[in-house]
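Coordinate analysis (summary)
One-letter residues, chain by chain:
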Amino acid sequence: MNKNEQLRLCLMLAFQSMISQGENVETSAVTQRIVQLAQLMNEFCDMHLAQTFPEETINLVDDKGAAKIDAAINLHIEELQKRESTQLPADRETLIQFYDRLQQRKTRRSQWLFYAQAPAEELADLVLQYMDEEIEEKNAGGYQ
């Protein structure tokens, strides 16, 4: 998100805040308060957002070919949004790739805040836990 988008988002949030308080947003005094509140929100984000959500926390590993699959999925999503229907590929392999990638994307969206805030020690413990689970499943013949 660039700075203009961030400010625009803050402006929308400030506007929503005033609306929810029952303010008449058509008056110039309320409009001025909305802009001031948006500027305060924006300044707060500038001061605290980088340390709360450091960029290096969200540089995630991508599989080879994920960008190509994402592009194909995104085309279907756009088509669904515009036409409320889409023609998915008929072959099983592509459907499996779409499904697998969509699961990854969903997990990343739901885990993003955790990734941004979790201390390294907690992440290391969770990585070891998953590694132990993979060893157990492999030993039990669960996968190869």
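Because the structure is a prediction, the values reported are computed rather than measured. (Residues numbered from 1 in each chain as written. Predicted model: local features only at pLDDT ≥ 70, side-chain atom pairs only at ≥ 80, totals over all residues. Heavy atoms only, no water.)

Where nonpolar side chains cluster on the molecular surface, the patch consists of Leu9, Met12 and Leu13 and spans about 270 Å² of accessible area. As for its placement among the helices and strands, Leu13 is situated in helix 1 (residues 3–20). (Patch = residues over 30% accessible without salt bridge, like charges linked within 9 Å, V, L, I, M, F, W, Y side chains within 5 Å. Areas by Shrake-Rupley, 256 points an atom, 1.4 Å probe, with all protein chains shown as cover. Salt bridge = Lys/Arg side-chain N within 4 Å of Asp/Glu carboxyl O. Helix = DSSP H or I, 4+ residues; strand = E, 2+ residues; numbered from the N terminus.)

Looking now at the packing of helix 3 (residues 66–83) against helix 4 (residues 92–117). Helix 4 packs onto helix 3 with a crossing angle of 90° between their chain directions and a minimal axis gap of 10 Å. With respect to helix 4, the element helix 3 is oriented roughly perpendicular. Taken together, the residues of helix 4 that come into contact with helix 3 (itself represented by Ala66, Ile69, Asp70, Ala72, Ile73, Asn74, His76 and Ile77) are Gln97, Phe98, Arg101, Leu102 and Arg105. In terms of residue class, the contact of helix 3 with helix 4 is built from seven nonpolar, three polar and three charged. (Axes fitted to C-alpha atoms, helices over the stretch in contact; angles between N-to-C directions. Parallel < 35°, antiparallel > 145°, perpendicular 65-115°, else oblique. Contact = heavy atoms within 4.5 Å. Nonpolar A, V, L, I, M, F, W, Y, C, P; charged D, E, K, R; others polar.)

In this section: the side chain of His76. Assignment of secondary structure puts His76 in helix 3. Looking at His76, its side chain comes within polar contact range of the side chain of Thr86, at 2.7 Å. Setting aside anything within four residues of it in sequence, one finds His76 in contact with Thr86, Gln87, Leu88, Pro89 and Phe98. (Polar contact = N/O pair within 3.5 Å; in protein donor to acceptor, adjacent residues only side chain to side chain.)

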